[in-house]
Amino acid sequence: LHLLSAIHPDLTWSGEFAAELQAVHSQAPEGAWQIGPELGNTPVHRTLAYLVWLLPLPVYSGSAISERLRFSHKLHTALVAGVRLRQDLPVLAGAPPSQVTARLENVPRVSLYSLYLITRSAPEKDLLWRYNQTWQYVQPITDGRTLQQMGVKPGPIYASILERLRAAWLDGEVTCEAEEKDLLSKLLESGWVPPSEEVSEE
């Protein structure tokens, strides 16, 4: 009946991810992904089904289909975020853990899980799994109170320092509390400024 093309020219069904679609309808997401039963007012199995089906599309097609089908704001956000991340995954597969974590930490969990299901590349699937299992939970020992006790003036620099220390843990630059303290001392002694806050002399 050409119903799909009537909704949007790019809305097709190839059957490529039929097994994954069947899986999200028949079983709950693995507990490690910490996905609740609903996304907003939409059952999670329906959300995942839409994402498994539509994530392979370009961003502009996914957005247009989302508007045509009147997706909820949360489902629309998950779709767009997932489509954009899918485009970035080939580059991220060779990136350090800190860069992967920075890119993935604001992506909805349902998007990450859906990408994990449909991704055929072993390196890409591995980085999604590693982020979900380990990298997202890595945090420095130092916190805001530590910095305050060391005499660091409160401000945006706190977040920058803690982010730098977290990256060092993720990338294996530091592996114990003593090494973290040493790196922190070097950052403060050198008057370290994160790249985004450096001011050009021009």
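Calculation notes
Residues numbered from 1 in each chain as written. Predicted model: local features only at pLDDT ≥ 70, side-chain atom pairs only at ≥ 80, totals over all residues. Heavy atoms only, no water. Helix = DSSP H or I, 4+ residues; strand = E, 2+ residues; numbered from the N terminus. Rg over C-alpha atoms; globule rule 2.2 N^0.38 Å. Buried < 20%, exposed > 50% of the residue type's maximum accessible area, 1.4 Å probe, protein only. Contact = heavy atoms within 4.5 Å. Phe/Tyr/Trp six-rings, centres within 6.5 Å; stacked < 30°, edge-to-face > 60°. Lys NZ or Arg CZ within 6 Å of the ring centre and 35° of its normal. Core = buried A, V, L, I, M, F, W, Y, C linked by side-chain atoms within 4.5 Å. pLDDT = per-residue confidence, 0-100. Salt bridge = Lys/Arg side-chain N within 4 Å of Asp/Glu carboxyl O.

A.B. asks: Explanation requested: the overall build of the protein chain in the structure shown.
C.D. replies: A count of helical and extended segments in the protein chain gives eleven helices and two strands. Helices and strands appear in the protein chain in the N-to-C order α-α-β-β-α-α-α-α-α-α-α-α-α. Scaling as 2.2 N^0.38, a compact globule of 202 residues should have a C-alpha radius of gyration of about 17 Å, whereas the protein chain reaches 21 Å, well beyond that. Its C-alpha atoms put the protein chain at 70 × 40 × 30 Å along the principal axes. Counting every position in the protein chain, which comprises 202 residues, the buried fraction comes to 39%.

A.B. asks: Is there a simple way to explain the side chain of Ser111 in this structure?
C.D. replies: With respect to the helices, strands and loops of the structure, Ser111 is situated in helix α7 (residues 109–118). Discounting residues that sit within four places of it in the chain, Ser111 has contacts with Leu51, Leu55, Ala78 and Gly82.

A.B. asks: Honestly, the packing of aromatic side chains in this entry has me stumped. Any pointers?
C.D. replies: How two aromatic rings sit relative to each other is given by the distance of their centres and the angle of their planes. For the structure on display, the rule yields six aromatic pairs. One aromatic cluster is present, formed by Trp33, Tyr113, Tyr116 and Trp129 through successive ring pairs. Here the guanidinium or amino end of Lys125 rests over the ring plane of Tyr116, the centre of that ring lying 4.3 Å away.

A.B. asks: Which parts of the structure should I look at to understand the nonpolar core?
C.D. replies: Soluble, globular proteins show a tendency: their nonpolar side chains are buried together. Residues Leu85, Leu92, Leu104, Val110, Leu112, Leu127 and Leu128 are the most contacted members of the largest nonpolar core, which totals 42 residues. Within the residue set of this core, elements represented by two or more residues are α3 (44–54), α4 (59–68), α5 (73–92), α6 (97–104), α7 and α8 (122–133). Once residues within four sequence positions are removed from consideration, Leu128 is found in contact with Trp33, Leu89, Leu104, Leu112, Leu115, Tyr116 and Thr119. Counting residues in hydrophobic clusters, the runner-up holds ten residues, among them Tyr158, Val174, Leu183 and Leu184.

A.B. asks: Even after reading the chapter, I still don't get the confidence of the model for the protein chain, so can you show me in this structure?
C.D. replies: As a general rule, the predicted coordinates of low-pLDDT regions are not to be interpreted in detail. Mean pLDDT over the protein chain: 89, with 94% of residues reaching 70 or higher. At the level of individual helices and strands, the protein chain shows its lowest average pLDDT in strand β1 (residues 38–39), which scores 68, and its highest in α6, which scores 97. Residue range residues 198–202 is modelled with pLDDT below 50. Its contacts to residues more than four positions away, or to other chains, number one contact.

A.B. asks: How should I be thinking about the pattern of salt bridges in this particular structure?
C.D. replies: Two side chains that carry opposite charge are able to pair once their charged atoms sit near each other. Inspection of every chain in the model, using the stated rule, returns seven salt bridges. For Glu105, the salt bridge goes to Arg166, with nearest N and O atoms at 2.9 Å. Of this pair, Glu105 sits in the loop between α6 and α7 while Arg166 is found in helix α10 (residues 156–170), placing the two residues 61 residues apart along the sequence. The class for Arg166 is buried, based on a relative accessible area of 12%.

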